[in-house]
Amino acid sequence: MRAAGLLGFAFWILALFIPAFIPTSLAQDSKKEIQRYRQMIAEGSPAELFEVEGEALWKKPQGPNNVSLEKCDLGLGAGVLKGAYARLPRYFKDADRVMDLETRLLHCMTTLQGRTRESATARVFGSADRPSEMESLSAYIAAQSRGAKMAPGVSHPKEKEAYALGRALYFHRAGPWDFSCASCHGEEGKRIRMQDLPVLYKPEHARPVVASWPAYRVSNSQFITLQWRMNDCYRQMRMPEPNFGSETTVALITFLTVTGKGEPYRGPGNKR
Amino acid sequence: MAGPMKIRATAAGGFTDIRVLMTHPMETGQRKDPDGKLVPLYFIQTVTVKLNGRTVVDGQISQGVSRNPVFSFRIKGGARGDKVEVAWEDNTGETSSIEAAVA
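This is a predicted model, so every value here is computed, not measured. (Residues numbered from 1 in each chain as written. Chains lettered and ligands numbered in written order. Predicted model: local features only at pLDDT ≥ 70, side-chain atom pairs only at ≥ 80, totals over all residues. Heavy atoms only, no water.)

Asks: Break down the state of the cysteines for me, citing the residues and quoting the values.
Replies: Residue and element names in this part refer to chain A. Under the defined criterion, the tally for this structure stands at one disulfide over all chains. Each disulfide pairs two cysteine sulfurs, and for C72 the partner residue is C108, the sulfurs being separated by 1.9 Å. An S-S torsion of about 75° defines the bridge between C72 and C108 as right-handed. Highlighted residues: C72 in the loop between α2 (47–58) and β1 (90–92) and C108 in helix α3 (residues 101–111), separated in sequence by 36 residues. On the basis of relative accessible area, C72 is assigned to the buried category, the value being 1%. A relative accessible area of 2% places C108 in the buried class. (Disulfide = S-S within 2.5 Å. Helix = DSSP H or I, 4+ residues; strand = E, 2+ residues; numbered from the N terminus. Buried < 20%, exposed > 50% of the residue type's maximum accessible area, 1.4 Å probe, protein only.)

So this is what it looks like as structure tokens:
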């Protein structure tokens, strides 16, 4: 009788503990499932469709000069694409500033093709129905760096300056909500819904990020670039919209890429 | 206008694995545009896979499939150099196809 009572008590204890265990195991399961899903989408990535589109745009004569971008110098010489993305952002002597991929493309559109900045930036962020030229070009060019180690410029004084400015901006709180990048990306284990928030000033967090952007976003069928990411983070922080390819966005991208350097490029990646 | 397609076909262990990417909006007919009007149904209806001209998959799909879908098929047999052809037709009668040699 007494033993049965004890046994019953033991079950009670167990029963009390079980509900406490379920949420953690469920969370682990869903995390595993999310990983499995990520792997599945990485194996056949629609980003490849943007690469095909980007290649056509790279070779298409456009602008008042009616020339293609094939002579565009992305840092390794005119028209050299292999490994070029992995070496960005970097200092460009002809423009006397540090540029990331999109800023450099914009530079080539205005100089080579003779387009105005206004017309070249009229639609830099596309929609699912109508992707932008910049997005497809980014997919195509980034893909030519697959396997190359990310090695952005770190030696020129302007590159150091951009890194320092990016780092300062990362922690600089401003805007109506008094947010900085670090408000969300400053502490480990934070999430927005199912999206883990990487602590981007830590190399181990920045490396996989740097190695997979730009990327195809499955949830809205769009190809997204780092300039878009900066722009949209500023929107979420309720800050004034930064200019495309501005010193601010390039500095932040430089800070991020330099922090995550050394990782072999695996992109264009897939985002949820 | 149909966007690009991409295909990859590899033979290993007596099977041929085919992976194909398609560009298509795959509209469900349920979505509304910014003006509040329904976006009409627009989706791929049939997908066919041919190996050396012989139909090995004759599939019907519906709006439940995502935009820019990715399909992969595993087919018994097939060898390097075989010709694989994947084609689709949507509900507006538009078609697209791509072919590749098995690697």
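Asks: Lay out the pairing of strand β4 (residues 54–60) of chain B in plain terms, naming residues and giving numbers.
Replies: Relative to β4(B), strand β3 (residues 44–51) of chain B runs antiparallel, the two being bridged by six bridges. Paired with L51(B) across the strands is R54(B), a residue of β4(B). (Pairing = 2+ DSSP bridges.)

Asks: Give a detailed account of the sheet that holds strand β7 (residues 269–271) of chain A, specifying residues and quantitative values.
Replies: Residue and element names in this part refer to chain A. If you walk across this open sheet you meet the three strands as β6-β5-β7, and the pairing is mixed. Taken across any chain shown, the strands that pair with only one partner, and hence form the sheet edges, are β6 (222–224) and β7. Across the sheet, the mean angle from the axis of one strand to that of its neighbour is 35°, orientation sign disregarded. With three bridges joining them, strand β5 (residues 215–217) and β7 adopt parallel strand pairing. Bridging across to β7, A215 finds its partner in G269. (Axes fitted to C-alpha atoms, helices over the stretch in contact; angles between N-to-C directions.)

Asks: Could you give an account of the packing of aromatic side chains, naming the residues involved and the relevant values?
Replies: All names here are of chain A. Using the criterion set out here, one finds 11 aromatic pairs over all chains in the structure. Taken together, a centroid distance of 5.3 Å and an interplanar angle of 50° make the contact between F171 and Y201 tilted. Remark: Y201 occurs in the loop between β4 (195–196) and α8 (203–212) and F171 occurs in helix α6 (residues 157–171); sequence separation between them is 30 residues. You can call Y201 partly exposed: its relative accessible area is 27%. Through successive ring pairs, a cluster of aromatic residues spans Y163, Y170, F171, Y201 and F255. Taking the ring centre of F92 as reference, the NZ or CZ of R104 above it sits at 3.8 Å. (Phe/Tyr/Trp six-rings, centres within 6.5 Å; stacked < 30°, edge-to-face > 60°. Lys NZ or Arg CZ within 6 Å of the ring centre and 35° of its normal.)

Asks: Please give an account of the interface of chain A and chain B that cites residues and values.
Replies: The interface of chain A with chain B comprises 13 residues on the first partner and 13 residues on the second. Taking both partners together, chain A and chain B bury about 1,100 Å²; carbon and sulfur atoms supply 54% of that area. Run the count over chain A and chain B and you get four salt bridges. Of the charged contacts, one joins D129(A) and R31(B) as a salt bridge, the two residues approaching to 3.8 Å between their closest N and O atoms. Where chain A touches chain B, the interface holds five residue pairs in polar contact (both at pLDDT 80 or more). Take the side of chain A that touches chain B: its biggest share by element is five residues, from α2(A). (Contact = heavy atoms within 4.5 Å. Buried area = accessible area lost by both parts, 1.4 Å probe. Salt bridge = Lys/Arg side-chain N within 4 Å of Asp/Glu carboxyl O. Polar contact = N/O pair within 3.5 Å; in protein donor to acceptor, adjacent residues only side chain to side chain.)

Asks: Any chance you could break down the side chain of S145(A) for me, citing the residues and the numbers?
Replies: All names here are of chain A. Its location among the elements puts S145 in the loop between α5 (133–143) and α6. Polar side-chain contacts of S145 include one of 3.1 Å to the backbone nitrogen of Y85. With residues near it in sequence (within four places) discarded, S145 still touches L81, G83, A84, Y85, A86 and Y265.

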